[in-house]
Amino acid sequence: MRRRSLLLAAVPAGLVTVAGCGDDKSGKGAGGTSSSPAPSATSAAPPPKIVEGPLPAITAGAKFDEKPTVAKGSGSPSKDLAVKTVIAGGGQTVAENDYIQANYLGQIWDTAKVFDNSYDRKTPLVIQLAQGGIIDGWRYALAGKKVGSRVLMAVPPTWGYGTQGNQQAGIKGTDTLVFVVDVQNTFNAKSSAKGKTVAQSDSDLPKVGTNTDGKAPSIDMPKVKPPTGLVAKYVIEGDGDEVKADNTVLVQYKGVLWDTGKEFDSTYGRGQLASFSLQQVVKGWAQGLTGKKVGSRVLVVIPPKLGYGDNPPSGSDIKKDSTLVFAVDILAKM
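Now for a description of the structure that goes with this document. (Residues numbered from 1 in each chain as written. Predicted model: local features only at pLDDT ≥ 70, side-chain atom pairs only at ≥ 80, totals over all residues. Heavy atoms only, no water.)

1. Observations regarding the overall build of the protein chain
The following threshold applies: By the criteria applied, helices consist of DSSP H or I runs no shorter than four residues and strands consist of E runs no shorter than two, each listed in order from the N terminus. Accessible surface is estimated by sampling points in the Shrake-Rupley manner with a 1.4 Å probe; for residues, cover comes only from the protein chains shown.
Secondary structure summary: the protein chain contains three helices and 18 strands in total. On the protein chain, roughly 14,600 Å² of surface is accessible, and the fraction owed to carbon and sulfur atoms is 49%.

2. What about the pairing of strand β8 (residues 150–155)?
Which entries qualify depends on this criterion: Exposure categories follow from relative accessible area, calculated using a 1.4 Å probe and restricted to protein chains: below 20% of the type maximum is buried, above 50% is exposed, and the middle band is partly exposed. Strands pair, by our definition, only if DSSP identifies at least two bridges between them.
Most of β8 sits inside the fold, with six of its six residues counted as buried. Sheet topology places strand β4 (residues 81–87) next to β8; five bridges connect them, and they run antiparallel. Directly across from Thr85, in β8, lies its bridge partner Val151. Bridging between β8 and strand β9 (residues 177–187) involves six bridges; their strand directions are antiparallel. Looking across to β9, one finds that Met153 is bridged to Phe179.

3. Quick word on the environment of Gly240
Mapped onto the elements, Gly240 comes out in the loop between β13 (231–237) and β14 (248–257). Taking the C-alpha atoms as reference points, Gly240 and Ile330, separated by 90 residues in sequence, lie 9.6 Å from one another.

4. Looking at the nonpolar core
Convention followed: Note on terminology: a nonpolar core comprises buried Ala, Val, Leu, Ile, Met, Phe, Trp, Tyr and Cys residues joined through side-chain atoms within 4.5 Å.
The biggest cluster of nonpolar side chains holds 29 residues, and the ones touching the most others in it are Ile100, Trp138, Leu142, Met153, Leu177, Phe179 and Val181. Those elements giving two or more residues to this core turn out to be β4, β5 (99–108), β7 (125–128), α1 (136–142), β8 and β9. Val281, Ala286, Ile302 and Phe326 belong to the second-largest nonpolar core, a separate cluster that totals 26 residues.

5. Focus on unusual backbone geometry
Look at the link from Gly53 to Pro54: it is a cis peptide, with omega at 5 degrees. By the element assignment, Pro54 lies in the loop between β1 (50–51) and β2 (58–60). A positive phi angle, close to 60 degrees, is found at Ala112, a residue other than glycine. Take Ala112: its relative accessible area is 24%, and that puts it in the partly exposed class. A positive phi angle, near 60 degrees, is found at Asp321, a position not held by glycine.

6. Some remarks on the pattern of salt bridges
Just so we agree on the cut-off: In the sections that follow, a salt bridge refers to a side-chain nitrogen of Lys or Arg positioned within 4 Å of a carboxyl oxygen of Asp or Glu.
Counting across every chain of the model gives 10 salt bridges. With a closest N to O distance of 2.8 Å, Asp116 and Arg121 form a salt bridge. As far as burial versus exposure is concerned, Asp116 and Arg121 are alike and both buried. Here the salt bridges share partners, and the residues they tie into one network are Glu96, Asp136 and Arg139.

7. Regarding the environment of Ala332
To keep things clear, this is the line we draw: Any two residues whose heavy atoms approach within 4.5 Å at even a single point are treated as in contact.
Mapped onto the secondary structure, Ala332 falls in strand β18 (residues 324–333). Owing to a relative accessible area of 0%, Ala332 belongs among the buried residues under this scheme. Sequence separation between Ala332 and Tyr99 is 233 residues; the distance between their C-alpha atoms is 9.7 Å. Beyond its immediate sequence surroundings of up to four residues, Ala332 is in contact with Gln101, Val126, Phe187, Thr248, Val249, Leu250 and Val294.

8. Notes on the side chain of Lys254
Filter applied, for reference: This count recognises Lys and Arg as positive and Asp and Glu as negative, with His and chain-terminal groups excluded. N or O atoms closer than or at 3.5 Å make up a polar contact, with two conditions inside protein: a donor-capable atom paired with an acceptor-capable one, and, for residues adjacent in sequence, both atoms drawn from side chains.
When you line up the elements, Lys254 lands in strand β14. Buried and unpaired, Lys254 has Glu263 as its nearest opposite-charge partner, separated by 4.3 Å. A polar atom in the side chain of Lys254 sits 2.9 Å from the backbone oxygen of Pro217. Aside from chain neighbours lying at most four places away, what touches Lys254 is Ala216, Pro217, Ser218, Ile219, Glu263, Asp265, Ser266, Tyr268, Val325, Phe326 and Ala327.

9. Observations concerning the packing of aromatic side chains
So the rule is basically this: Centre distance within 6.5 Å is the pairing criterion for rings of Phe, Tyr and Trp, where only the six-membered ring of Trp is used; planes under 30 degrees apart are then read as stacked, over 60 as edge-to-face, and the remainder as tilted. Charges are assigned to positions over rings by a cutoff of 6 Å between ring centre and Lys NZ or Arg CZ, combined with an angular limit of 35 degrees from the ring normal.
For the coordinates displayed, the defined rule picks out eight aromatic pairs. Aromatic pair Phe115 and Phe179: ring centres 5.8 Å apart, planes at 90 degrees, arrangement edge-to-face. With a gap of 64 residues between them, Phe115 in strand β6 (residues 114–117) and Phe179 in strand β9 connect regions that are remote in the sequence. Judged by relative accessible area, which is 0%, Phe179 ranks as buried. When the ring of Tyr253 is compared with that of Trp285, the centres are 5.2 Å apart and the planes differ by 85 degrees; the resulting orientation is edge-to-face. Placement of the pair is Tyr253 in strand β14 and Trp285 in helix α3 (residues 283–289), with a sequence separation of 32 residues. In this pair, the class of Tyr253 matches that of Trp285, namely buried. An aromatic cluster is present here, built from Tyr253, Phe264, Phe276, Trp285 and Phe326 joined pairwise through their rings. The ring of Tyr140 has Arg139 lying over it, and the distance from NZ or CZ to the ring centre is 4.8 Å. Over the aromatic face of Tyr234 sits the side chain of Lys292, whose NZ or CZ is 5.6 Å from the ring centroid.

Structure representation (structure tokens):
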């Protein structure tokens, strides 16, 4: 499993757990704990004044998504948040509370000591730009930037880790932090799968809508008995990396009951994406999504033995021995 980003204080909790209820407003979903990321290392500070410098130079690795080398900061850093768009992208604009996918490098202003970078891990960071989910410097510096942009920033302690610093990373409470961030993608409640539509020819299985407008897909149920085994089939096949059994994924999903077709849980209804570890979900989710490609929409039919069996979530619309049907859009691996 990849090393956890130092931008967070703790690992995010999973959403669809073996027991528990969802985080929809009614509290009756099929999920588990909240999908909100773990809290940042500092409490929220007032919005900073954003200035253009001073900032150290990028001396090597100048291309987008290439590991950069950054010079040591010269003189005293600004007490304000210094931000510069080094490469201007032309993609979707990032908004606060979006999830972003990015490669980054972080170092300390006056020593140029690199304390973290995702380029060496070869796994971009996927994280939510939300209060309590990321250091405030990232929230304010990246909101309004476009996908495809490289952003250079210098983050004073007020909008970084505060006066306590981050001992794990060797960051003191007086350190200004320098980051280079390559914004690869952004996701929000209107994000959908992207890929080629796959024929749904089995009349004994539910048929899932192929719309990619960010709205919930339809799920049309057949009038037959449910399958006794797990079903996991592409509705839209993306071209991203395959999901592994120990990955955390960012998803949109909708769940209905086989017997009635009634919806019991949906990220679309909450207007909020979900993230969870495949090691913290019901077996049907874990087995059904493992091996599927990022960017895909997947039909997952979960028999009771791989779902909740005779112990459904308290207060939910799921009854004992229910077969569950999900349409899942795999947006990213985290």
